[in-house]
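# Residue-level structural notes
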Amino acid sequence: MARVVSSPFALHRFRPYFQASQPPPPLFKPSSPSLNKLRKFPTLIACQTDPNPTETSTPLEKVIDEPASDSTSGLPEFPNKNVNQQVALVSVLAALGLFLSSRLDFGVSLKDLSAAALPYEEALSNGKPTVVEFYADWCEVCRELAPDVYKVEQQFKDRVNFVMLNVDNTKWEQELDEFGVEGIPHFAFLDKKGNEEGNVVGRFPRKYFLENVDALARGEASVPHARVVGQYSSAEARKVHQVADPRSHG
């Protein structure tokens, strides 16, 4: 039989063994219901049990159900240097091709310009202003300016005559003296009546040639660049020869 202690200060030392104890409070309390929704799969831990791992053994891995970021999915971790080099090379080649195409029209030569030019006598009689170019096949500046001359001709060929006279042809001795040709290329700008309004000799900006031809096409009394002299080839170096066809302007 148990001994009962009457002192009230000793009652807290003894508790009946059959008294039901309260369950311990949870260690963690979810802050919101949404946290429970994130964990769709339990945390799995795969342990390596093979003491001698091989290439096919599964390494220690922990699968966590955190949402993956889509910002870097499908993108390489580092840029491909070979692709960058190829893009840079293509860009350089494209820029070079654009520059060359703006400066030169491949396939346009002095022979092409001469073949498309009007005969000198016809140009003086059709009532249109005329541009007369004195040139030679051996003239480097003449060949250099041929693409620019061609572009302007294509723009004004319906309103302005374009004539080419080869200084090596003895047929044009009188015209050489009349226009005072000492260097080539020599461009003489004539009005509708055949009177000279100005001339340009040697290498010059295409803008000068374009503005002079435009002034002729509009019937201006003068050209904006009436006397321009650039680097030219001396006409004294010409190689004179006879031409069988008297109608030839080459």
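Residues numbered from 1 in each chain as written. Predicted model: local features only at pLDDT ≥ 70, side-chain atom pairs only at ≥ 80, totals over all residues. Heavy atoms only, no water.

Counting 42 residues, the largest nonpolar core has Val 131, Phe 134, Phe 189, Phe 209 and Val 213 as its most contacted members. Elements with a contribution of two residues or more to this core: helix H3 (110-116), helix H4 (120-125), strand E3 (130-135), helix H5 (140-156), strand E4 (161-166), strand E6 (186-190) and helix H7 (206-217). No other element matches the 7 residues that H5 contributes to this core. In contact with Phe 209, other than residues within four places in its own chain, are Val 131, Val 149, Val 152, Phe 162, Phe 187, Phe 189 and Phe 204. (Core = buried A, V, L, I, M, F, W, Y, C linked by side-chain atoms within 4.5 Å. Buried < 20%, exposed > 50% of the residue type's maximum accessible area, 1.4 Å probe, protein only. Helix = DSSP H or I, 4+ residues; strand = E, 2+ residues; numbered from the N terminus. Contact = heavy atoms within 4.5 Å.)

On to the packing of aromatic side chains, then. All told, the structure shown has 6 aromatic pairs when counted by the stated rule. Each ring, one from Phe 134 and one from Phe 179, has its centre 5.7 Å from the other, and the planes form 55°; the classification is tilted. Taken as a pair, Phe 134 in strand E3 and Phe 179 in the loop between helix H6 (173-178) and strand E5 (183-184) lie far apart in primary sequence, 45 residues in all. The buried category is assigned to Phe 179, whose relative accessible area is 9%. Judged by centre distance (6.1 Å) and plane angle (40°), the ring pair of Phe 204 and Phe 209 falls under tilted. The same class applies to Phe 204 and to Phe 209, which are both buried. (Phe/Tyr/Trp six-rings, centres within 6.5 Å; stacked < 30°, edge-to-face > 60°.)

Of the residues in the protein chain, 58% have a pLDDT of 70 or more, and the chain-wide mean is 75. Here residues 54-64 scores under 50 on pLDDT; set against residues more than four positions off or in separate chains, the count is 12 contacts. (pLDDT = per-residue confidence, 0-100.)

With 12 residues, H7 extends 16 Å between its outermost C-alpha atoms, agreeing within 8% with the 16 Å of an ideal straight helix rising 1.5 Å per residue. Taken together, the buried positions of H7 are Phe 209, Asn 212, Val 213, Ala 215 and Leu 216. Within H7, the buried residues cover an arc of 155° as seen down the axis, which keeps them to one side. Here the buried face of H7 lies against E3, H5, E4, E6 and strand E7 (196-201). The positive-phi residue at the C-terminal boundary of H7 is Gly 219, with phi of around 75°. (Expected span 1.5 Å × (residues − 1). Arc of directions from axis to C-beta.)

Taken across its 6 residues, E3 has 6 buried, putting it largely inside the fold. Alternating positions in E3 separate into two faces, Thr 130, Val 132 and Phe 134 on one and Val 131, Glu 133 and Tyr 135 on the other, with burial throughout. Examined bridge by bridge, E3 and E4 share 6 bridges and lie parallel to one another. When the sheet's bridge partners are listed, Phe 134 is paired in E4 with Leu 165. In this region the chain leaves E3, passes through H5 and returns to the parallel neighbour E4; the handedness of that crossover is right-handed. The pairing of E3 with E6 spans 5 bridges and is antiparallel. Looking across to E6, one finds that Glu 133 is bridged to Phe 187. (Pairing = 2+ DSSP bridges. Right-handed = clockwise from strand over helix to strand, strands pointing away.)

As a further point, take the packing of H5 against H7. Relative to each other, H5 and H7 sit at 25°, their axes nearing to 10 Å. Relative to H7, H5 is oriented roughly parallel. The way H5 lies across H7 gives a crossing that is right-handed. Here H5 contributes Asp 148, Val 149, Lys 151, Val 152, Gln 155 and Phe 156 to the contact with H7, which in turn contributes Arg 206, Phe 209, Leu 210, Val 213, Asp 214 and Ala 217. Its residues assigned to classes, the contact of H5 with H7 comprises 7 nonpolar, 1 polar and 4 charged. (Axes fitted to C-alpha atoms, helices over the stretch in contact; angles between N-to-C directions. Parallel < 35°, antiparallel > 145°, perpendicular 65-115°, else oblique. Left-handed = near helix turned anticlockwise from the far one by under 90°. Nonpolar A, V, L, I, M, F, W, Y, C, P; charged D, E, K, R; others polar.)

Another aspect to go through is the pairing of E6. For E6, a buried count of 5 out of 5 residues is recorded, marking the element as mostly surrounded by other parts of the structure. Of the two faces of E6, the one holding His 186, Ala 188 and Leu 190 and the one holding Phe 187 and Phe 189 are both buried throughout. Alignment of E6 against E7, held across 5 bridges, turns out to be antiparallel. Following the sheet pairing, Phe 187 is matched in E7 by Val 200.

What follows covers H5. Helix length check: H5 (17 residues) gives 25 Å between terminal C-alpha atoms against 24 Å at 1.5 Å per residue, within 8%. Of all the bends found along H5, the most pronounced is centred on Ala 146 and spans about 45°, while Pro 147, a proline, follows it within four residues. Taken as a whole, H5 has its buried residues at Val 141, Cys 142, Leu 145, Ala 146, Pro 147, Asp 148, Val 149, Val 152, Glu 153 and Phe 156. (Bend = angle between axes of the 7 residues up to and from the residue.)

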